[in-house]
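# Commentary on secondary and tertiary structure
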Amino acid sequence: MAAAWRMRRVMLAATLLAALLVLIPGTAAAGVDDDGDVDAVFAIFSAHNRACLGDGAGGFTCGDADSLDDATRSVAVGDLDGDGDDDAVFGNTAERNRLCLSDGDGTFTCADFNTDTDNSEGTGIADLDRDGNLDVVFANEGQRNDACRGDGAGAFTCTDVSDDTRLSTHVAFGRFDAGGTLDAVFANFTERNQLCLGDGAGGFAGCTDVSTDTDSTRGVDTGDVDGDGDLDAVFANDGQANQVCLGDGAGAFTCSDVSADTDTTEAVALGDVDGDDDLDAVFANNGQTNRLCVNDGSGSFACADLSAATDATQGLAVGDVDGDDDLDVVFANNSQRDRVCLKDGTGVFTCSDVSTDTFNSQFVALAGLIPPLVAPTVGMVDPSQGQWQLRDSAGTITSFFFGNPGDIPVMGDWDCDGIDTPGLFRTSDAFAYLSNANRSQVADIRFFFGDPADLPLAGDWDGDGCDTLSIYRPSEQRFYIVNKLGQDEGGLGPADFSFTFGNPGDKPVVGDWDGDGIDEVGLHRESTGFFYFRNTLDTGVASDQFFFGDPGDRFVAGDWGIVDGVDTPAIFRPSDLTFYFRHTNTPGNADSTSVFPGAAPAWLPVAGHFGLG
């Protein structure tokens, strides 16, 4: 349920990588000027770096981001000081890199990042150590790459990524092996590109070659381009065919040409440009037409000109800059006007100047792409008459009827729109009834699945942004997971997979316990208040366990309090009609409480993003 809602944020951010973006909670910010529109920050060589504030319709107003005329080659943005604004880090050549903290009004306060004077051709931002603070990685040309751990207040501690001193030009992130930590892929010029596996503590455990190729690689982006659940890498090569390297999930790759093009390619960005739920590639070419390569879903691409312009493009960024739910492209051009190309929903781009400036733009990053994480809210269901009462973030309750007495309620995002709506499991005949609206109405979806004694579960089990209905069979202590919904009052068919977990009498609960964008399962022992869960959907011992609550409490889960992408427990106590929320998956007393007015002891709790305000 929670994982599906977070996946909608990812779609707005131009990629299907839920697993990656939830590892970067600080990227959820309101841009550089707090107006909610997407802004563009340009890295300028030998002139002031620029911030161009978006108007929400694809237009920009530009001004200086810094007062120095540095030899800037790269830029990355993210909320580095925890104030809700996107900040900028600029990578410079043979000069100190710069940290520019947004003041929230489109201006910045800038200072040297540290005293290093490396040739930082590429800059990347990610939460390498999963502490909720953003870290920075610099791709250095001819020097050791740097990993700099952020403290959440704008200060950093840097270490070498490895002993390598290759000609690194760019860096991108993702999980490329089974270790569960964030890894980095470095693009290297005329040397082998590298994968460096993260150690989970902000550093890296070692680097290996992606392949034996020694292309003139200028850029890299990462994503699951073949839809197999493993991350892949796409490399931008200067004067050689661009490459797609398909990952096997264990840190190895199989590489091939994206197309026969051998353009002077400087950068690449991935995003679902054509709206078919797979990642396409946009390539920035210097002195040639920029290219859009449409993915067929298997990692094979068909390429064409994005526009007729032959600008000296050095960098690009993909995102919805005009708020129409189509992905647009912003190009950084050297000694020419930067360009924004808006997609019209039919696959056609209309391009115009970002401004009249003709600076030496080297790269561009978009700020404000991802809406901030919002905490879910709770509701109550009167099972005796099918009455639902859902509370919004302001405490206002919306009441409606859905279902029959005795139905078991669930909440899920059945139509993938980011809003959780009611579902019912009828114990008399094992029929499921799902609604796509939080109001009284007949069910939109009806099907049967399981046995009458089963317990329903709603979750996003595969990270696709959509919730489906699965079941827990108490008689077997077995979970049956299904990644699709039934329809037309027919049978759902066999489960995609199943596994055992738990003891007789335990009650199942669903949550994204590790913040990876995929829901997992847990169990609550109502007799003792014991809670335990797994971070993978398979048989095994609990990933973690602790006591929370009293016997008889009723359990729900959500991203409460801290709102960092990780679900934690809450209980409804029938004796005092109060919710008790724990903000971390650790033992302890409730971090916050809330009385639900008008509830009765027999009512059942639900939780989710209800879209009610």
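Residues numbered from 1 in each chain as written. Predicted model: local features only at pLDDT ≥ 70, side-chain atom pairs only at ≥ 80, totals over all residues. Heavy atoms only, no water.

Moving on to the overall build of the protein chain. Along the protein chain, the regular secondary structure elements total 2 helices and 48 strands. For the C-alpha atoms alone, the extent of the protein chain along its principal axes is close to 70 × 45 × 45 Å. Expressed as a percentage of the 613 residues in the protein chain, the buried residues total 58%. Of the roughly 21,300 Å² of accessible surface on the protein chain, a fraction of 47% belongs to carbon and sulfur atoms. Computed over 31 positive and 106 negative side-chain charges, the separation of the two mean positions in the protein chain equals 5 Å. (Helix = DSSP H or I, 4+ residues; strand = E, 2+ residues; numbered from the N terminus. Buried < 20%, exposed > 50% of the residue type's maximum accessible area, 1.4 Å probe, protein only. Areas by Shrake-Rupley, 256 points an atom, 1.4 Å probe, with all protein chains shown as cover. Lys, Arg positive; Asp, Glu negative; His and termini not counted. Charge placed at Lys NZ, Arg CZ, Asp CG, Glu CD.)

Once that is clear, we can look at the side chain of histidine 583. Mapped onto the elements, histidine 583 comes out in the loop between strand E46 (578–581) and strand E47 (592–595). Apart from residues no more than four positions distant in its own chain, histidine 583 is found in contact with Trp560, Gly561, Ile562, Thr568, Asp591 and Ser592. (Contact = heavy atoms within 4.5 Å.)

Read across the open sheet, the 4 strands follow the order E44-E45-E46-E47; overall the sheet is antiparallel. On the outer flanks of this sheet lie strand E44 (554–558) and E47, each paired with one strand and no other. Strand-to-strand twist in this sheet, taken as the mean axis angle between neighbours without regard to direction, amounts to 25°. Relative to strand E45 (residues 568–573), E44 is paired through 5 bridges, and the arrangement is antiparallel. The partner of valine 556 across the bridge, within E45, is alanine 570. (Pairing = 2+ DSSP bridges. Axes fitted to C-alpha atoms, helices over the stretch in contact; angles between N-to-C directions.)

This next bit is on the state of the cysteines. Taken as a whole and assessed by the stated rule, the structure comprises 8 disulfides. In this model, cysteine 100 is linked to cysteine 110 through a disulfide, with the two sulfur atoms separated by 2.2 Å. The sign of the 115° torsion about the S-S bond sets the cysteine 100-cysteine 110 disulfide as right-handed. Of this pair, cysteine 100 sits in strand E6 (residues 98–102) while cysteine 110 sits in strand E7 (residues 108–112), placing them 10 residues apart in sequence. (Disulfide = S-S within 2.5 Å.)

Okay, the pattern of salt bridges next. With the rule as written, the count across this model stands at 29 salt bridges. Here aspartate 163 and arginine 144 are joined by a salt bridge, their closest N and O atoms 3.7 Å apart. A residue pair is termed long-range when its members are at least 10 positions apart, and aspartate 163 in the loop between strand E11 (156–160) and strand E12 (168–174) and arginine 144 in the loop between strand E9 (135–140) and strand E10 (146–150) qualify at 19 residues. Accessibility expressed as a relative area gives 60% for aspartate 163, which makes it exposed. The salt bridge involving aspartate 209 is made with arginine 166; its shortest N-O contact spans 3.0 Å. Of this pair, aspartate 209 sits in strand E15 (residues 204–209) while arginine 166 sits in the loop between E11 and E12, placing them 43 residues apart in sequence. (Salt bridge = Lys/Arg side-chain N within 4 Å of Asp/Glu carboxyl O.)

Attention now goes to the pairing of E45. By the criterion of burial, E45 is predominantly enclosed, with 6 of the 6 residues buried. Neither face of E45 is open: one carries Thr568, Ala570 and Phe572, the other Pro569, Ile571 and Arg573, and all of them are buried. Connecting the antiparallel pair E45 and E46 is a turn made up of 4 residues, with leucine 577 showing a positive phi of about 55°.

On average, the protein chain scores 91 in pLDDT, and the residues at 70 or more come to 93%. Counted against residues more than four places away or in other chains, residues 5–27, with its pLDDT under 50, gives 85 contacts. (pLDDT = per-residue confidence, 0-100.)

For the rest of this paragraph, the subject is the nonpolar core. Core analysis: the largest hydrophobic core is formed by 28 residues, its most contacted members being Val75, Phe90, Val282, Leu306, Leu316 and Val329. Only strand E1 (39–44), strand E4 (72–78), strand E5 (87–92), strand E20 (265–271), strand E21 (280–285), strand E24 (313–319), strand E25 (328–333) and strand E28 (361–367) provide two or more residues apiece to this core. Here the element with the most residues in this core is E28; it accounts for 3 residues. Core analysis: the second largest hydrophobic core is formed by 17 residues, Phe60, Val321, Val364 and Leu369 among them. (Core = buried A, V, L, I, M, F, W, Y, C linked by side-chain atoms within 4.5 Å.)

Of note, phenylalanine 45 is situated in the loop between E1 and strand E2 (50–54). Residues within four places of phenylalanine 45 in sequence aside, it is in contact with Asp70, Ala71, Thr72, Arg73, Asn360 and Gln362.

To continue, consider the sheet that holds strand E37 (residues 468–473). Either a parallel or an antiparallel arrangement is found when strands of a sheet pair, and the pairing is made through backbone hydrogen bonds. Spatially, the 4 strands line up as an open sheet ordered E36-E37-E38-E39, and their pairing is antiparallel. The two strands at the open ends of the sheet, each matched to only one other strand, are strand E36 (455–459) and strand E39 (497–500). The sheet shows a mean angle of 25° between the axes of neighbouring strands, direction not considered. Pairing between strand E38 (residues 478–481) and E39: 4 bridges, direction antiparallel. Across the sheet, phenylalanine 479 pairs through a bridge with phenylalanine 499, a residue of E39.

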